[in-house]
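If you want the building blocks of each chain, they are given just below.
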Amino acid sequence: MTPDEERCAFIAQFSITSHLGDRLTAAKRNAELAVGTPDAGQRQTEWQQASDRLTRWLQEQQLDEDTVDEVSAAFLEAMEDGYTLVTHTGESGEADSYLTLRQRAAVTREWLRYQGYGVPSYPKEPGL
């Protein structure tokens, strides 16, 4: 693996781990807030699924199809938000952080493709 490939793998793995960790935190919070409501069972199930996804990723570096779709969509949204902000503001500051997020998202999506996951290309992905 070349240094560039190693860097891309690190960025992608870090980004995926962060995303799945954020999803677990949100699912746990939703489950806690739903205690005693009709949604409690569903929220508990979602929390367990989020935990299972993160655990599988951390232990095996494997993603199921639903998780790949979720991660890919989340990073596509980040790319769209970054593209829109940079295009419309053309300023530094907050636009720079979105540009960084957009590039991280593109690297992650490309790495997922390289790993054999079915992530469709997106014409606005910045050059890697």
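Before any of the text, the structure's been laid out above.
Residues numbered from 1 in each chain as written. Predicted model: local features only at pLDDT ≥ 70, side-chain atom pairs only at ≥ 80, totals over all residues. Heavy atoms only, no water.

Enquirer: Would you take a moment to explain the overall build of the protein chain for this structure?
Expert: From N to C terminus, the protein chain includes four helices and zero strands. Along the protein chain, from the amino end to the carboxyl end, the secondary structure elements read α-α-α-α. The proportion of buried residues among the 128 residues of the protein chain is 28%. Long-range pairs, those at least 24 residues apart, make up 57% of the contacts in the protein chain with a sequence separation of at least 6. (Helix = DSSP H or I, 4+ residues; strand = E, 2+ residues; numbered from the N terminus. Buried < 20%, exposed > 50% of the residue type's maximum accessible area, 1.4 Å probe, protein only. Contact = heavy atoms within 4.5 Å.)

Enquirer: It is not clear to me how the side chain of Ser15 should be interpreted in this structure. Could you clarify?
Expert: Following the sequence through the fold, Ser15 ends up in helix 1 (residues 3–33). Relative accessible area serves as the criterion here: at 4%, Ser15 is assigned to the buried category. Excluding residues within four positions of it along the chain, Ser15 makes contact with Phe75, Arg104 and Thr108.

Enquirer: Please explain a negative patch on the surface as it appears in this structure.
Expert: Among the surface-exposed residues, Asp64, Glu65, Asp66 and Asp69 lie close enough to one another that they form a single negatively charged patch. Along the polypeptide, Asp66 turns up in helix 3 (residues 65–89). (Patch = residues over 30% accessible without salt bridge, like charges linked within 9 Å, V, L, I, M, F, W, Y side chains within 5 Å. Areas by Shrake-Rupley, 256 points an atom, 1.4 Å probe, with all protein chains shown as cover. Salt bridge = Lys/Arg side-chain N within 4 Å of Asp/Glu carboxyl O. Lys, Arg positive; Asp, Glu negative; His and termini not counted. Charge placed at Lys NZ, Arg CZ, Asp CG, Glu CD.)

Enquirer: How should the pattern of salt bridges be read in this particular structure?
Expert: Pairing between side chains of opposite charge can happen when the charged atoms of each approach one another. This structure, assessed with the given rule, holds seven salt bridges. For Arg53, the salt bridge identified is with Glu70, shortest N-O distance 2.5 Å. Here Arg53 is found in helix 2 (residues 40–60), whereas its partner Glu70 is found in helix 3, with 17 residues between them in sequence.

Enquirer: How should helix 2 be read in this particular structure?
Expert: Under the 1.5 Å per step criterion, the end-to-end length of helix 2 is 30 Å for 21 residues, consistent within 8% with the ideal 30 Å. Turning to helix 2, its buried residues number three or more, namely Ala50, Leu54 and Trp57. Along helix 2, the residues classed as buried sweep out an arc of 60 degrees about the axis, all on the same side. The first or second residue beyond helix 2 is Gln61, which carries a positive phi of 55 degrees. (Expected span 1.5 Å × (residues − 1). Arc of directions from axis to C-beta.)

Enquirer: Before we go on, may I ask you to explain the nonpolar core in this structure?
Expert: Across soluble globular proteins, nonpolar side chains show a tendency to be buried alongside one another. By size, the foremost hydrophobic cluster in this structure holds 21 residues, and its most contacted members are Ile16, Leu20, Leu63, Trp111 and Leu112. When contributions to this core are tallied by element, the ones reaching two or more residues are helix 1, helix 2, helix 3 and helix 4 (94–114). Sort the elements by how many residues they give to this core and helix 1 lands first, with six residues. If near-sequence neighbours (up to four positions away) are discounted, Leu112 is found in contact with Ile16, Leu63, Val71, Tyr117 and Val119. (Core = buried A, V, L, I, M, F, W, Y, C linked by side-chain atoms within 4.5 Å.)

Enquirer: Would you mind going over the packing of helix 1 against helix 2 with me for this structure?
Expert: Pairs of packed helices are described in terms of their axes, by the angle between the two and the distance that separates them. At a minimum axis separation of 8 Å, helix 1 and helix 2 run at an interaxial angle of 160 degrees. Here helix 1 is positioned roughly antiparallel relative to helix 2, judged by the angle of their axes. Read as a crossing pair, helix 1 and helix 2 show a hand that is left-handed. On the side of helix 1, the interface is formed by Gln13, Ile16, Thr17, Leu20, Gly21, Arg23, Leu24, Ala27, Lys28, Asn30 and Ala31, while helix 2 contributes Arg43, Gln44, Glu46, Trp47, Ala50, Ser51, Arg53, Leu54, Trp57 and Leu58. Partitioned by chemical class, the residues of the contact of helix 1 with helix 2 number 10 nonpolar, six polar and five charged. (Axes fitted to C-alpha atoms, helices over the stretch in contact; angles between N-to-C directions. Parallel < 35°, antiparallel > 145°, perpendicular 65-115°, else oblique. Left-handed = near helix turned anticlockwise from the far one by under 90°. Nonpolar A, V, L, I, M, F, W, Y, C, P; charged D, E, K, R; others polar.)

Enquirer: Would you mind showing me how to read the environment of Ala105 here?
Expert: Looking at the secondary structure, you find Ala105 in helix 4. In sequence terms Ala105 and Glu77 are 28 residues apart; their C-alpha atoms lie 8.9 Å from each other. In this view, Ala105 contacts Phe75, Ala78 and Met79; residues no more than four positions away in its chain are not counted.

By themselves, these observations are geometric and do not establish any function.
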